[in-house]
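Residue-level listing of the chains:
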Amino acid sequence: EAEVAQSPRYKITEKSQAVAFWCDPISGHATLYWYRQILGQGPELLVQFQDESVVDDSQLPKDRFSAERLKGVDSTLKIQPAELGDSAMYLCASSFSGGQLDTQYFGPGTRLTVL
Amino acid sequence: AQSVTQLDSHVSVSEGTPVLLRCNYSSSYSPSLFWYVQHPNKGLQLLLKYTSAATLVKGINGFEAEFKKSETSFHLTKPSAHMSDAAEYFCVVQRGTSYGKLTFGQGTILTVHP
């Protein structure tokens, strides 16, 4: 069964450093999502791509976070500089077309710890 | 705007007894509703989804949920809990437009005692 791949699974960094996370969606899925899940809370959408275009980044802290999906396939989420409050699980999900009937499939996540 | 409220942060049951996880939603649009499960150190897995077809939705592993528009509820149930059901469960609402954004509840941790 096809899965969403993410790497690394765990990342420990010091504040003010730069970090990057990678996501490879299920083949053929046009829509890609990045979520942040703070411990004890539900995931919150950071950014949503339709192919290579951003369709929703209203919750992305744009002063330090950036995301790209240059060829409309895999995607990278970057944080620079990292802050203590960025410690969380970063989840990537994909769906076929992003419509209401689509199911979002989630990857295993990257757990970020900022020291 | 859309939102989800999971009424219990923790639920504890004995193996073999029924499970009830409660969820109320608010949405300006005709919503789709989901339940996802998250086992420790694993990704989110879809249990079931409601998309305006039958109001009683059956999912995997014996779970089901009933959409009640008059009560704005979408409670998750299972007749008999199994030890492997211990996990965190999220109720999720999706706005009824293209490129539907998912809004998650805060989660309910289910503990199953032998």
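## Some points on the pairing of strand β6 (residues 53–56) of chain A
Two faces make up the sheet, and in a regular strand the side chains alternate between them.
All names here are of chain A.
In step 1: Examined bridge by bridge, strand β5 (residues 44–50) and β6 share three bridges and lie antiparallel to one another. Note that in β6 the partner of Q48 across the bridge is D56.
In step 2: What sits between β5 and β6 in their antiparallel hairpin is a turn of two residues, with D51 showing a positive phi close to 55°.

## Points about the interface of chain A and chain B
In step 1: Counting from both sides, the interface comprises 27 residues of chain A and, opposite them, 25 residues of chain B.
In step 2: In this assembly, chain A packs against chain B so that about 1,900 Å² is buried in total across both faces, 47% of it on carbon and sulfur atoms.
In step 3: Joining chain A to chain B, the criterion identifies zero salt bridges.
In step 4: On inspection of chain A and its partner chain B, the count reaches three residue pairs in polar contact (both at pLDDT 80 or more).
In step 5: The set of elements that each furnish at least two residues to the side of chain A that touches chain B consists of β4 (31–37), β5 and β6 of chain A.

## Topic: the nonpolar core
Residue and element names in this part refer to chain B.
In step 1: Grouped together as the largest cluster of nonpolar side chains are 26 residues, with contacts concentrated most on W35, L48, F74, L76 and Y89.
In step 2: Looking at this core element by element, the count peaks at four residues for strand β10 (residues 87–94).
In step 3: The residues contacting L76, other than those within four sequence positions of it, are V19, L20, L21, W35, L47, L48, F63, E64, A65 and Y89.

## So, the state of the cysteines
In step 1: Here the structure, examined in full by the defined rule, presents two disulfides over all chains.
In step 2: The residue that forms a disulfide with C23 of chain A is C92 of chain A, at a sulfur-sulfur distance of 1.9 Å. As the torsion about the S-S bond is roughly -70°, the C23 of chain A-C92 of chain A disulfide counts as left-handed. You can see C23 of chain A sitting in strand β3 (residues 19–24) and its partner C92 of chain A sitting in strand β9 (residues 88–95), a full 69 residues away along the chain. One exposure class covers both C23 of chain A and C92 of chain A, and it is buried.
In step 3: Each sulfur of the disulfide joining C23 of chain B and C91 of chain B lies 2.0 Å from the other.

## Regarding empty space enclosed by the protein
In step 1: One pass over the structure, following the stated rule, counts one cavity of 30 Å³ or more.
In step 2: Reported here for the largest cavity is a volume of approximately 40 Å³.
In step 3: R9, Y10, M89, P108, G109 and R111 of chain A together with N41 of chain B together form the lining of the largest cavity.
In step 4: Taken together, the residues of the lining of the largest cavity sort by class into three nonpolar, two polar and two charged.

Each value, and the rule that gives it
- Residues numbered from 1 in each chain as written.
- Chains lettered and ligands numbered in written order.
- Predicted model: local features only at pLDDT ≥ 70, side-chain atom pairs only at ≥ 80, totals over all residues.
- Heavy atoms only, no water.
- Pairing = 2+ DSSP bridges.
- Helix = DSSP H or I, 4+ residues; strand = E, 2+ residues; numbered from the N terminus.
- Contact = heavy atoms within 4.5 Å.
- Buried area = accessible area lost by both parts, 1.4 Å probe.
- Salt bridge = Lys/Arg side-chain N within 4 Å of Asp/Glu carboxyl O.
- Polar contact = N/O pair within 3.5 Å; in protein donor to acceptor, adjacent residues only side chain to side chain.
- Core = buried A, V, L, I, M, F, W, Y, C linked by side-chain atoms within 4.5 Å.
- Buried < 20%, exposed > 50% of the residue type's maximum accessible area, 1.4 Å probe, protein only.
- Disulfide = S-S within 2.5 Å.
- 1 Å grid on protein atoms, 1.4 Å probe; cavity = no way out; pocket = protein on both sides within 12 Å on 5 of 7 lines; lining within 4 Å.
- Points joined across faces, edges and corners; volume = space filled by probe spheres on them.
- Nonpolar A, V, L, I, M, F, W, Y, C, P; charged D, E, K, R; others polar.

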